[in-house]
Amino acid sequence: MTEGAGIPIGLAIDGANRNDFKLARETIQSIPILRPQPTPQEPQGMCLDKGYDYHEVRELLHEFHFTAHIRCRGEEAREIKKAAGFRARRWVVERTHSWMNRFRGILIRWAKKAENFLGQLHLVCGLITWRAAGIFGS
């Protein structure tokens, strides 16, 4: 999970053959910082792709007081055909995944234990956040 600028704020791991929507609760609960309380004037949105277009996910987002922005199946393909230069909102997450793949231990999972791989992911997320802060010139 990333915030609007692509800074990682939460993650959950499981096998490659598991549907993403089944990890939605675990991912939201992994956010280590306290969220500001959403208000009607300042709601907090959650942009998800069609892989999360399930009733359970919508209920979960309502439970955590997120405004759901979930593309229905086929909706994004129609938008791309209509508007030249249309870019999906989830490109931010995909860009962050690309940044993570620059680290060899993440791109090719060498760690056999899930705890070690999770530790590597946390280190990578910390490095991405540190670099994005730009206060140290990197």
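A brief structural summary.

Another point: the overall build of the protein. Per the secondary structure count, the protein includes six helices and two strands. Starting at the N terminus, the α and β elements of the protein follow one another as α-β-α-β-α-α-α-α. Taken along its principal axes, the extent of the C-alpha atoms in the protein is 40 × 40 × 35 Å. Counting over 138 residues, the protein shows a buried share of 27%. In the protein, 43% of the contacts between residues at least 6 apart in sequence involve partners at least 24 apart. Put simply, the protein shows about 9,900 Å² of open surface, and 55% of that area lies on carbon and sulfur atoms.

This next bit is on the pairing of strand E2 (residues 67-70). By the bridge criterion, four bridges tie strand E1 (residues 45-48) to E2 in an arrangement that is parallel. Residue pairing in the sheet places Leu-48 in a bridge with Ile-70 of E2. Viewed along the sheet, the connection from E1 through helix H2 (residues 55-63) into E2 turns out right-handed.

Listed in full, the 12 residues of the largest apolar core are Phe-21, Ala-24, Ile-28, Met-46, Leu-48, Tyr-52, Val-57, Leu-60, Leu-61, Phe-64, Phe-66 and Ile-70. Elements with a minimum of two residues in this core: helix H1 (24-29), E1 and H2. Counting residues per element, this core draws most heavily on H2, which supplies three residues. Residues within four places of Ile-28 in sequence aside, it is in contact with Met-1, Met-46, Leu-60, Leu-61, Phe-64 and Phe-66. One finds Met-100, Ile-106, Phe-117 and Cys-125 within the second-largest nonpolar core, a separate group that totals 10 residues.

Attention now goes to unusual backbone geometry. Of note, His-65 is a non-glycine position whose phi angle comes to about 60 degrees, a positive value. Inspection of the secondary structure assignment puts His-65 in the loop between H2 and E2. Overall, His-65 belongs to the partly exposed group, its relative accessible area being 48%.

Further remarks concern the side chain of Gln-44. As for its placement among the helices and strands, Gln-44 is situated in the loop between H1 and E1. Beyond its immediate chain neighbours, meaning those up to four positions away, Gln-44 contacts Arg-35, Pro-36, Pro-38, His-65, Phe-66 and Thr-67.

Parameters at a glance
- Residues numbered from 1 in each chain as written.
- Predicted model: local features only at pLDDT ≥ 70, side-chain atom pairs only at ≥ 80, totals over all residues.
- Heavy atoms only, no water.
- Helix = DSSP H or I, 4+ residues; strand = E, 2+ residues; numbered from the N terminus.
- Buried < 20%, exposed > 50% of the residue type's maximum accessible area, 1.4 Å probe, protein only.
- Contact = heavy atoms within 4.5 Å.
- Areas by Shrake-Rupley, 256 points an atom, 1.4 Å probe, with all protein chains shown as cover.
- Pairing = 2+ DSSP bridges.
- Right-handed = clockwise from strand over helix to strand, strands pointing away.
- Core = buried A, V, L, I, M, F, W, Y, C linked by side-chain atoms within 4.5 Å.

Function cannot be read off these values alone, since they describe shape.
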